[in-house]
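Now for the letters of each chain:
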Amino acid sequence: MRDTIKHQGLRNQLAKALKMKGISDENVLNAIRKIPRHLFIDSSFEAHAYQDKAFPIAAEQTISHPYTVAFQSQVLSVKKGDKVLEIGTGSGYQTAVLLELKAEVYSIERQHELFKKTAMFLPKLGYRPKRFIFGDGYKGLPEEAPFDSIIVTAGAPFVPKALLAQIKVGGKLLIPVGDKNQIMTLFLRKSPLEFEKKELGDFKFVPMLKKKN
Ligand code: SAH
């Protein structure tokens, strides 16, 4: 598959649609305009790649809706050089958005098939996270903590304490919490022991998986 003017046009339309839905951060919209999402999914879905839809990727997982990716990215308000931990690399599309926002990205995936596939694929497009980790997101990445932001892109049945412990004072944990449906939940670390919690609406993610394969 290639990236063409036609794809670019569709991306501009997608960015417009996301703007209508409330995404106002121009850096996020520019990332959406730039990243060839059709290359992150199976070619059989190519015709729909720039609609606000989720698609199956490998290992029974899905690439998140563009709106969800844009929403989470906007809430994080990533600044250049921010150290960001992503839980659930999946297709790598959200990873690419974080890299376009100039974050230093650490990304954890617990399914080996996806981990391998995406770790090979992203650098081909010029997207190079600081680290790809095959591991269990419930544990975070203590050896690289603290982070400016931690973003979870799978539905978490509860908020892992390890993740709260790994954000900087002034930092954020953004995590969809719930079983079938999730409430997007933002934790702002006010001091070493104080967190402010905000609920930001309903979303639907694949579940965050417990055990490592
Ligand atoms: N942002 C990704 C979302 C993929 S779906 C995208 O848009 O493509 C969620 C991903 O989280 C899946 O790839 C799944 O395998 C991964 N995942 C689920 N449980 C996990 C865990 N405990 N630790 C790390 N990754 C996990």
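Residues numbered from 1 in each chain as written. Predicted model: local features only at pLDDT ≥ 70, side-chain atom pairs only at ≥ 80, totals over all residues. Heavy atoms only, no water.

**Some details on the packing of helix α1 (residues 5-20) against helix α2 (residues 26-34)**
Phase 1: Between α1 and α2, the shortest axis-to-axis distance is 8 Å and the interhelical angle comes to 150°. The pairing of α1 with α2 is recorded here as roughly antiparallel in orientation. Our pair here, α1 against α2, has a crossing hand that is right-handed. Contacts between α1 and α2 involve Gln 8, Arg 11, Asn 12, Leu 14, Ala 15, Leu 18 and Lys 19 from the first element and Glu 26, Leu 29, Ile 32, Arg 33 and Lys 34 from the second. (Axes fitted to C-alpha atoms, helices over the stretch in contact; angles between N-to-C directions. Helix = DSSP H or I, 4+ residues; strand = E, 2+ residues; numbered from the N terminus. Parallel < 35°, antiparallel > 145°, perpendicular 65-115°, else oblique. Left-handed = near helix turned anticlockwise from the far one by under 90°. Contact = heavy atoms within 4.5 Å.)

**Side note on the side chain of Lys 172**
Phase 1: Tracing the chain through its elements places Lys 172 in strand β7 (residues 167-177).
Phase 2: Despite its burial, Lys 172 pairs with no opposite charge, the nearest such side chain being Asp 82 at 6.6 Å.
Phase 3: At 3.1 Å, the side chain of Lys 172 and the backbone oxygen of Leu 76 are in polar contact.
Phase 4: In this structure Lys 172 touches Val 75, Leu 76, Ser 77, Asp 148, Ser 149, Ile 150, Ile 167, Leu 186, Phe 187 and Leu 188, once residues within four positions along its chain are discounted. (Buried < 20%, exposed > 50% of the residue type's maximum accessible area, 1.4 Å probe, protein only. Lys, Arg positive; Asp, Glu negative; His and termini not counted. Salt bridge = Lys/Arg side-chain N within 4 Å of Asp/Glu carboxyl O. Polar contact = N/O pair within 3.5 Å; in protein donor to acceptor, adjacent residues only side chain to side chain.)

**So, α2**
Phase 1: Within α2, the full set of buried residues consists of Val 28, Leu 29, Ala 31 and Ile 32. Along α2, the residues classed as buried sweep out an arc of 155° about the axis, all on the same side.
Phase 2: Packed against the buried residues of α2 are α1, α3 (66-76) and α4 (93-100).
Phase 3: Measuring from the side-chain oxygen of the N-cap residue of α2 to the backbone nitrogen of Asn 27 gives 2.9 Å; that N-cap residue is Asp 25. (Arc of directions from axis to C-beta.)

**Points about the sheet that holds strand β3 (residues 83-87)**
Two pairing modes exist for strands in a sheet, parallel and antiparallel, and in both the strands are linked by backbone hydrogen bonds.
Phase 1: Strand order in the open sheet formed by seven strands is β5-β4-β3-β6-β7-β8-β9, and the pairing between neighbours is mixed. Across the chains shown, the open sheet's two edge strands, defined by having one partner strand only, are β5 (131-134) and β9 (195-203). The sheet shows a mean angle of 15° between the axes of neighbouring strands, taken without regard to direction.
Phase 2: Examined bridge by bridge, strand β6 (residues 147-152) and β7 share four bridges and lie parallel to one another. For Ile 150, the partnering residue across the bridge sits in β7 and is Leu 173.
Phase 3: The strands touched by α3 within the sheet are β6, β7, β8 (182-189) and β9, with β7 carrying the most contacts at an inclination of about 160°. (Pairing = 2+ DSSP bridges.)

**Digging into the nonpolar core**
In summary, soluble globular proteins display a tendency toward joint burial of nonpolar side chains.
Phase 1: Residues Leu 18, Ile 23, Ile 35, Phe 40 and Tyr 93 are the most contacted members of the largest nonpolar core, which totals 45 residues.
Phase 2: Of all the elements in the fold, those that place two or more residues in this core are α1, α2, α3, α4, α5 (112-124) and β8.
Phase 3: Considering every element that reaches this core, the biggest residue donor is α3, with six residues.
Phase 4: When near neighbours in sequence (up to four residues on either side) are disregarded, Ile 35 contacts Arg 11, Phe 40, Tyr 50, Tyr 93, Ala 96, Val 97, Glu 100 and Tyr 127.
Phase 5: Counting 19 residues, the second-largest nonpolar core is a separate cluster that includes Ile 87, Tyr 138, Leu 141 and Ala 154. (Core = buried A, V, L, I, M, F, W, Y, C linked by side-chain atoms within 4.5 Å.)

**Here's the deal with the packing of aromatic side chains**
Aromatic ring pairs are reported here in terms of the distance separating the ring centres and the angle at which the planes meet.
Phase 1: Throughout the structure, instances matching the rule amount to nine aromatic pairs.
Phase 2: Summarising the aromatic geometry, the rings of Tyr 67 and Phe 71 are spaced 5.9 Å apart at their centres and angled 35° between planes, so their arrangement reads as tilted. Here Tyr 67 and its partner Phe 71 are both found in helix α3, four residues apart, which amounts to about one turn of the helix. A single burial state applies to Tyr 67 and to Phe 71, both of which are buried.
Phase 3: Following the ring pairs from residue to residue traces out a cluster consisting of Phe 40, Tyr 93 and Phe 121.
Phase 4: Its end group placed over the ring of Tyr 93, Arg 37 keeps NZ or CZ at 5.7 Å from the ring centre.
Phase 5: The positively charged end of Lys 83 is found above the aromatic ring belonging to Phe 147, 5.6 Å away from the centroid. (Phe/Tyr/Trp six-rings, centres within 6.5 Å; stacked < 30°, edge-to-face > 60°. Lys NZ or Arg CZ within 6 Å of the ring centre and 35° of its normal.)

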